[in-house]
Amino acid sequence: MYRTFRAWLGLAGLLAYAAFAVPRIVPALEGSQKRVREAGRHLDETEDAVLGRFRTHSYVKAIRRIRATIPRDAAYFLLPGDDGHGDYFVRFDLAPRRPILLDKPGEAPPGGGPAWVVISRLDPPGPEVLTTAEFFGRGARR
């Protein structure tokens, strides 16, 4: 009797799950199909075009210029800009280059360091790259 009760209880649980899940499967599949179709429209875009959909043209040009200046395996000092969150985006867009955050922008870190300083800005004119000598030579302007 106990086995029969457990079998019926299991069947009831399975039916309850099916009653919950089955009506949601079709809308979920339609939503997935819509997102895949949307993503397919952008397959031929370049990296700069994709970045340009989310950032300004001057930001894209600046990132392209910085990528050409700093080698992929190099490090750079990163000075956060005035907007507060631009350094996250600049770090991501310059990966795999390694950022070293400047705590005190007016002082050169002891023992030298990378050859470049990147000042992160999302607003025009976008991020800026300077040599370490240029940056610390002109008083760490932002």
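All of the points below concern the structure found in this document. (Residues numbered from 1 in each chain as written. Predicted model: local features only at pLDDT ≥ 70, side-chain atom pairs only at ≥ 80, totals over all residues. Heavy atoms only, no water.)

Secondary structure assignment for the protein chain yields five helices and four strands. Secondary structure elements in the protein chain, listed N-terminal to C-terminal, are α-α-α-β-α-β-β-β-α. Sequence separation of at least 24 residues holds for 59% of the intrachain contacts in the protein chain that already meet a minimum separation of 6. In the structure as shown, the protein chain presents an accessible area of about 9,900 Å², 62% of it carried by carbon and sulfur atoms. (Helix = DSSP H or I, 4+ residues; strand = E, 2+ residues; numbered from the N terminus. Contact = heavy atoms within 4.5 Å. Areas by Shrake-Rupley, 256 points an atom, 1.4 Å probe, with all protein chains shown as cover.)

Our next topic: the side chain of Glu128. Of note, Glu128 is situated in strand E4 (residues 128-131). A polar contact is formed between the side chain of Glu128 and the side chain of Arg121, at a distance of 3.2 Å. (Polar contact = N/O pair within 3.5 Å; in protein donor to acceptor, adjacent residues only side chain to side chain.)

All right, on to the sheet that holds E4 then. Taking strand neighbours across the sheet as the criterion, the four strands line up as E2-E1-E3-E4 in an open arrangement whose pairing is mixed. At either margin of the open sheet sits one strand with a lone partner, and together these are strand E2 (98-101) and E4. Neighbour to neighbour, the strand axes of the sheet diverge by 35° on average, direction disregarded. Of the strands in this sheet, strand E1 (75-79), E2 and strand E3 (116-119) touch helix H4 (residues 86-94), which is tilted by about 165° from E1. (Pairing = 2+ DSSP bridges. Axes fitted to C-alpha atoms, helices over the stretch in contact; angles between N-to-C directions.)

Glancing now at H4. Among the residues of H4, those classed as buried are Gly86, Asp87, Val90, Asp93 and Leu94. End-on view of H4: buried residues confined to an arc of 130°, all on one side of the axis. Pointing more than 90 degrees away from the buried face of H4 are the exposed residues Tyr88 and Phe92. Turning to H4, the residues buried within the fold contact helix H2 (47-54), helix H3 (57-69), E1 and E3. (Buried < 20%, exposed > 50% of the residue type's maximum accessible area, 1.4 Å probe, protein only. Arc of directions from axis to C-beta.)

In globular proteins that are soluble, nonpolar side chains generally tend to be buried together. By size, the foremost hydrophobic cluster in this structure holds 15 residues, and its most contacted members are Ile70, Tyr76, Leu94 and Val118. Of all the secondary-structure elements, those providing two or more residues to this core are H3, E1, H4 and E3. For this core, the element with the most residues is H3, which contributes four residues. In this structure, Val118 is in contact with Ile66, Ile70, Tyr76, Phe77, Leu78, Leu79, Val90, Leu94, Pro127, Glu128 and Val129, ignoring residues within four places of it in sequence. With seven residues, the next largest nonpolar core counts Phe77, Leu102, Ile119 and Phe135 among its residues. (Core = buried A, V, L, I, M, F, W, Y, C linked by side-chain atoms within 4.5 Å.)

Let us now look at a nonpolar patch on the surface. Taken together, the side chains of Trp8, Leu11, Leu14, Leu15 and Tyr17 present a nonpolar region at the surface, about 600 Å² in accessible area. A relative accessible area of 38% places Leu11 in the partly exposed class. (Patch = residues over 30% accessible without salt bridge, like charges linked within 9 Å, V, L, I, M, F, W, Y side chains within 5 Å. Salt bridge = Lys/Arg side-chain N within 4 Å of Asp/Glu carboxyl O.)

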